[in-house]
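Each chain is listed here by its residues.
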Amino acid sequence: HRIVHGGEYFSDSVKVDDDVVRKVEELAEEDFKQDQIFACIKATQKEAKARGKMLYMPLRIATTGIMHGPDLAASMELLGKDKLFPYLKDHVKT
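The shown structure was predicted, so the numbers you read here are calculated from the model rather than taken from an experiment.

**Student:** Please provide a residue-by-residue account of the environment of Ile41, values included.
**Tutor:** Counting through the fold element by element, Ile41 comes out in helix H2 (residues 34–48). Owing to a relative accessible area of 0%, Ile41 belongs among the buried residues under this scheme. For the pair Ile41 and Leu59, spaced 18 residues apart in sequence, the C-alpha separation works out to 9.4 Å. Discounting chain neighbours no more than four positions away, the residues touching Ile41 are Val24, Leu55, Tyr56, Leu59, Leu72 and Met76.

Quick look at the structure:
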């Protein structure tokens with residue numbers, strides 16, 4: 001699991017696990033668009049009962065390697081499934 005903690009944003013450890021990856025990965029190639037990716041992340045947030053940045057920041061770090069940047073779902077769409085998932089899976093350990 002990718003654990004992110006400390007700094008000004010995280011007072012507790014936050015885990016980004018396979019559930020987030022699985023939900024987004026299940027999107028068909030033609031549905032791999034910003035709004036659908038966002039919906040998958042929001043569904044995971046609701047299921048995990050996680051506050052916004054407590055899910056988005058670790059996911060952004062696992063996806064892009066940085067804490068701040070453009071919209072996460074847009075970044076994921078731009079990366080595309082072929083580039084995103086090998087990188088993301090490499091950073092989310094089970």
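What follows picks up the thread again.
**Student:** Break down H2 for me, with residues and values.
**Tutor:** Think of an α-helix as turning once every 3.6 residues; residues three or four places apart then point the same way. Across its 15 residues, H2 extends 21 Å between first and last C-alpha, which sits within 8% of the 21 Å expected from 1.5 Å per residue. The complete set of buried residues in H2 reads Ile37, Cys40, Ile41, Thr44 and Gln45. Seen end-on, H2 carries its buried residues on one side only, within an arc spanning 140°. Along H2, exposed side chains directed more than 90 degrees from the buried face belong to Asp35, Lys46 and Glu47.

**Student:** Just give me the short version of a negative patch on the surface, but keep the residues and values in it.
**Tutor:** Together, Glu29, Glu30, Asp31, Asp35 and Asp82 make up a region of like negative charge exposed at the surface. In this fold, Asp35 is placed in helix H2. The exposed category is assigned to Asp35, whose relative accessible area is 52%.

**Student:** I'd like a rundown of the confidence of the model for the protein, residues and numbers included.
**Tutor:** Summing up the model confidence of the protein, the mean pLDDT is 76 and the portion of residues at 70 or higher is 77%. Throughout residues 1–10 the model reports pLDDT below 50, and contacts reaching past four residues in sequence, or to other chains, amount to 36 contacts.

**Student:** Lay out helix H3 (residues 52–64) with the relevant residues and their values.
**Tutor:** Here H3 is 13 residues long and its end C-alpha atoms lie 17 Å apart, about the 18 Å a rise of 1.5 Å per residue gives. Here H3 lies mainly inside the structure; ten of its 13 residues are buried. Turning to H3, its buried residues number three or more, namely Met54, Leu55, Tyr56, Met57, Pro58, Leu59, Arg60, Ile61, Ala62 and Thr63. One or two positions beyond H3, positive phi appears at Gly65, with a value near 85°.

Each value, and the rule that gives it
Residues numbered from 1 in each chain as written. Predicted model: local features only at pLDDT ≥ 70, side-chain atom pairs only at ≥ 80, totals over all residues. Heavy atoms only, no water. Helix = DSSP H or I, 4+ residues; strand = E, 2+ residues; numbered from the N terminus. Buried < 20%, exposed > 50% of the residue type's maximum accessible area, 1.4 Å probe, protein only. Contact = heavy atoms within 4.5 Å. Expected span 1.5 Å × (residues − 1). Arc of directions from axis to C-beta. Patch = residues over 30% accessible without salt bridge, like charges linked within 9 Å, V, L, I, M, F, W, Y side chains within 5 Å. Areas by Shrake-Rupley, 256 points an atom, 1.4 Å probe, with all protein chains shown as cover. Salt bridge = Lys/Arg side-chain N within 4 Å of Asp/Glu carboxyl O. Lys, Arg positive; Asp, Glu negative; His and termini not counted. Charge placed at Lys NZ, Arg CZ, Asp CG, Glu CD. pLDDT = per-residue confidence, 0-100.

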